[in-house]
Amino acid sequence: MSLSRLQSPILSAQKPVALLLPARSPSHCPCPAQGPRPAAIPWVPFPGPRTCKDLLDRGHFLSGWYTIYLTNCQPLAVLCDMDTDGGGWTVFQRRMDGSVDFYRDWAAYKQGFGSRLGEFWLGNDNIHALTAQGRATAGFAKYRSFKVAGEAEKYKLVLGGFVEGSAGNALGAQNNHFFSTKDQDNDVSSSNCAVKFQGAWWYADCHASNLNGLYLRGPHESYANGINWSTAKGYNYSYKVSEMKVRPA
């Protein structure tokens, strides 16, 4: 995720810590290229790229923003990482300087927010579409599968078994839990974890990771409310860089 790249003063730019949770999706969008389909004309596959891996396979080798097409053929602008671990990663979260407020409500996380030039969250509906047929293959912290359910299931995280990774399995505690925000308390705690730890995440009671927490720039005295990955640096260190990415298997 990569699903997530975590970087601290100890982890140099040459050796970024990465959590890679690839996802699988079909390579073609079965929709007409333009407008409604006349009755006498059959539908043909839409050739637009479905993922950043499709773009890489078509010869796009530079990291940057591209347009891909979701399962309903809706175009979506995404940041493609064509450098990490062979490239082809679709980035759905980036934290790097604290310029964007991630302590937001359900509607914001559903739609997505942020800036192409800096920090952003791609949106839970889009992340669901990207990971609907997810399958993990390799990465810094490897899981057998990764999927985010739709809004009707409160964007529930469905995570396969942890395989390996030096950052540890800090996401495993959030498996099979719903996404929570400050205005949608879907965790199993008696308190609102999103409010208590000032983030938005797949909180249980409450978390072992909190990558949408406050940007606290390294060590912090407050408890577990930063960009935390507990199995690597505990609850009092907030990572300065986090990226969450998916790639087809």
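Note: the structure precedes this text.
This one's a predicted model, so the numbers in the text were calculated from it and none came from an experiment. (Residues numbered from 1 in each chain as written. Predicted model: local features only at pLDDT ≥ 70, side-chain atom pairs only at ≥ 80, totals over all residues. Heavy atoms only, no water.)

Draft legend 1. How the structure looks around the packing of aromatic side chains. By the definition in use, this model includes 14 aromatic pairs. With a centroid separation of 5.9 Å and an interplanar angle of 85°, the aromatic rings of Phe92 and Trp121 are classed as edge-to-face. Of the two residues, Phe92 is situated in strand 5 (residues 89-95) and Trp121 in strand 7 (residues 120-121); the sequence distance between them amounts to 29 residues. As far as burial versus exposure is concerned, Phe92 and Trp121 are alike and both buried. Among the aromatic residues, ring-to-ring pairing joins Phe92, Phe102, Trp106, Tyr109, Phe113, Trp121, Tyr155, Phe179, Trp201 and Trp202 into one connected group. Seen from the ring of Phe178, Lys154 lies directly overhead, with NZ or CZ sitting 5.5 Å from the centre. (Phe/Tyr/Trp six-rings, centres within 6.5 Å; stacked < 30°, edge-to-face > 60°. Helix = DSSP H or I, 4+ residues; strand = E, 2+ residues; numbered from the N terminus. Buried < 20%, exposed > 50% of the residue type's maximum accessible area, 1.4 Å probe, protein only. Lys NZ or Arg CZ within 6 Å of the ring centre and 35° of its normal.)

Draft legend 2. Molecular detail of unusual backbone geometry. The omega angle of the peptide bond from Asp205 to Cys206 is -5°, so this bond is cis rather than trans. Mapped onto the secondary structure, Cys206 falls in the loop between helix 4 (193-196) and strand 12 (209-210). Unusually for a residue other than glycine, Lys154 sits at a positive phi of about 55°. Its location among the elements puts Lys154 in the loop between strand 9 (146-148) and strand 10 (157-159). Despite not being glycine, Ala224 shows a phi value in the positive range, around 60°.

Draft legend 3. Broad picture of the pairing of strand 4 (residues 75-81). In terms of burial, strand 4 is a largely internal element, five of the seven residues being buried. Pairing geometry for strand 3 (residues 64-69) and strand 4, over six bridges, is antiparallel. Bridge assignment links Ile68 to a residue of strand 4, and that residue is Leu76. Hairpin connection from strand 3 to strand 4: five residues lie between these consecutive antiparallel strands, with Cys73 at a positive phi of about 70°. Two strands pair when backbone bridges link them, and strand 4 and strand 5 are joined in this way by three bridges, in the antiparallel orientation. Counterpart to Leu79 in the pairing with strand 5 is Val91. (Pairing = 2+ DSSP bridges.)

Draft legend 4. Looking closely at the environment of Ala170. Locating Ala170 in the fold gives a position in the loop between strand 11 (162-164) and helix 4. The exposure class of Ala170 is buried, given its relative accessible area of 0%. As for Ala170 and Ala208, which are separated by 38 residues in sequence, their C-alpha atoms are 5.1 Å apart. Beyond its immediate chain neighbours, meaning those up to four positions away, Ala170 contacts Tyr143, Ala208, Ser209, Trp229, Ser230 and Thr231. (Contact = heavy atoms within 4.5 Å.)

Draft legend 5. Representation of the pattern of salt bridges. One pass over the full model with this rule turns up six salt bridges. Where Arg247 meets Asp85, a salt bridge forms, and the shortest distance between an N and an O atom there is 3.4 Å. Taken as a pair, Arg247 in the segment after strand 16 (241-246) and Asp85 in the loop between strand 4 and strand 5 lie far apart in primary sequence, 162 residues in all. You can call Arg247 buried: its relative accessible area is 12%. (Salt bridge = Lys/Arg side-chain N within 4 Å of Asp/Glu carboxyl O.)

Draft legend 6. Examining the pairing of strand 16 more closely. In terms of residue burial, strand 16 counts as a mostly covered element, since six of its six residues are buried. Neither face of strand 16 is open: one carries Val241, Glu243 and Lys245, the other Ser242, Met244 and Val246, and all of them are buried. Here strand 5 runs beside strand 16; their pairing, made up of five bridges, is antiparallel. Note on strand 16: the bridge partner recorded for Val91 is Lys245.

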